[in-house]
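Single-letter residue listing:
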Amino acid sequence: ATVIVCFDVFPDRQNIFPSARLKRAISSNQRSVCSEMDRNSGKVTGGDEAKKLPSPVFRFDDGETDHQDETDHQGRIRSFPHERGNWASFLYIDYKECDGWQTMQDELKALLTETTSLAVEPVDEMHLSLSKTFTIQHHNIAMFVQQLRSRLCHQRPFRLLFGGMQVYVNEERTRTFLGVRVMPHSCPPLEAIVSELDESMRDYRLPVFYETRSFHVSILWCLGDREKEMSEQLEPLRRVFERVYEEEFCDMSRPVRTLSMKCGNKSFVFELAPKHTRPRAGGAGGPVSFHVSILWCLGDREKEMSEQLEPLRRVFEQVYEDELCDMSRPVRTVTLKCGGESYPFLLAPHF
């Protein structure tokens, strides 16, 4: 048998064990052990029972733990087994600090708790997912994040409008979610971002996002496949949503300026490009250009006024952000002007 004695050496404490003293200690212990060995049998004869040295244990702490207690996760089950060195990750738009979303969550939970037997729980950190949950090896994280920054740096801030409720069940059908859908005409910026993310996913052989997408913010969840029971409550839930969303519109639909990535116990934030850094697309964008006219002057002064579009645009963006709630309030009537008479037409209730 061979016994190896090792010590950690600290740069500032290299003389903690003087060499001569160390040699004497090892030599003394070696003679003591050898005197007790039966050279014929190779067994320890001294003492009642042989004591085995423990095998050395080497630990590399990568910031993760493979311990999973279901009581810590409210009965939730991993979608895939944990492997040391692989970090569970996903990309999303963060809404956890939004008071309007918190109000929506509280009122919807109160309704389901009062009218059903569903044991719903609030989603702790409300968000809009932009990727599936995937695992990435620890040594690839820095390069992957750098690539995402490069791909996303040209994406400009945008605003999302929401319209209605929907029930979702995860792929394993172990949990049911109540979510708020993004309205279809607000989806193009999300589609563009997901396309960029999917390219990076393919480069690292990671799963791309769903082909059939339903962008949403999950509000509540419960264990098991409870899609049928929760779907039966969609109409009263929708009424609560419409009321709260109208009251909290400015907070819930504020501009999206950052994207986030959760990677194990680390978080990364991706700043979207300021509006003035994005090249302007040429052309009118289509045969019809809906607009609100603000100013006018006599004569054909298109060239002179067009030269001032850049500073005018900066003023517009500043004022529009300050006055968003007033300038983009819901349109409830359409008006017909007929000579000196006006005829308003009341639109159907919102959503």
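Residues numbered from 1 in each chain as written. Predicted model: local features only at pLDDT ≥ 70, side-chain atom pairs only at ≥ 80, totals over all residues. Heavy atoms only, no water.

> Please give an account of the pairing of strand S9 (residues 266–271) that cites residues and values.
Pairing of strand S8 (residues 258–263) with S9, which is carried by six bridges, proceeds in the antiparallel orientation. When the bridges of S9 are listed, cysteine 263 appears paired with lysine 266. (Pairing = 2+ DSSP bridges. Helix = DSSP H or I, 4+ residues; strand = E, 2+ residues; numbered from the N terminus.)

> Give me the lowdown on the state of the cysteines, citing residues and values where you can.
Scanning the entire structure with this criterion turns up one disulfide. Here cysteine 250 connects covalently by a disulfide to cysteine 325, the sulfurs 1.3 Å from one another. Here cysteine 325 lies in helix H10 (residues 324–327) and cysteine 250 lies in helix H7 (residues 249–252), a separation of 75 residues in the sequence. A relative accessible area of 43% means that cysteine 325 is categorised as partly exposed. (Disulfide = S-S within 2.5 Å. Buried < 20%, exposed > 50% of the residue type's maximum accessible area, 1.4 Å probe, protein only.)

> Could you give an account of the environment of tyrosine 92, naming the residues involved and the relevant values?
Note on placement: tyrosine 92 falls in strand S1 (residues 86–94). Under the relative-accessibility criterion, tyrosine 92 is labelled buried at 7%. For the pair tyrosine 92 and threonine 258, spaced 166 residues apart in sequence, the C-alpha to C-alpha distance is 9.4 Å. Ignoring anything within four residues of it in the chain, the contact list for tyrosine 92 reads His127, Leu128, Ser129, Leu130, Leu259, Ser260, Met261 and Lys262. (Contact = heavy atoms within 4.5 Å.)

> Summarise the packing of aromatic side chains; cite the residues concerned and give the values.
Scanning the entire structure with this criterion turns up twelve aromatic pairs. Ring geometry for tyrosine 95 against phenylalanine 162: centres 6.2 Å apart, planes inclined by 80°, an arrangement best described as edge-to-face. With tyrosine 95 in the loop between S1 and helix H2 (99–115) and phenylalanine 162 in strand S5 (residues 162–169), this residue pair connects regions lying 67 residues apart in the sequence. Look at phenylalanine 162 and you get buried, because its relative accessible area is 0%. With 6.3 Å between their ring centres and 90° between their planes, phenylalanine 162 and tyrosine 245 make a pair best called edge-to-face. With phenylalanine 162 in strand S5 and tyrosine 245 in helix H6 (residues 234–247), the pair connects residues that are 83 residues apart, well separated along the chain. Given the relative accessible area of 3%, tyrosine 245 is considered buried. Three or more aromatic residues link up through ring pairs in this structure, and these residues are Tyr95, Trp101, Phe162, Phe241, Tyr245 and Phe249. (Phe/Tyr/Trp six-rings, centres within 6.5 Å; stacked < 30°, edge-to-face > 60°.)

> Could you give me a rundown of a nonpolar patch on the surface, with the residues and numbers involved?
On the surface, Val331, Val334, Leu336, Tyr343, Phe345 and Leu347 cluster together to form a nonpolar patch covering roughly 570 Å² of accessible area. Taken together, the elements giving at least two residues each to the nonpolar patch come down to strand S10 (333–338) and strand S11 (341–346). Inspection of the secondary structure assignment puts leucine 336 in strand S10. Exposure remark for leucine 336: the relative accessible area of 42% places this residue in the partly exposed category. (Patch = residues over 30% accessible without salt bridge, like charges linked within 9 Å, V, L, I, M, F, W, Y side chains within 5 Å. Areas by Shrake-Rupley, 256 points an atom, 1.4 Å probe, with all protein chains shown as cover. Salt bridge = Lys/Arg side-chain N within 4 Å of Asp/Glu carboxyl O.)

> If you had to explain the pairing of S10 to someone new, which residues and values would you point to?
Of the pairings in the sheet, the one linking S10 to S11 comprises six bridges and is antiparallel in character. Residue pairing for S11: cysteine 338 is matched across the bridge by glutamate 341. Where S10 hands over to S11, the hairpin turn is made up of two residues, of which glycine 339 adopts a positive phi near 65°.

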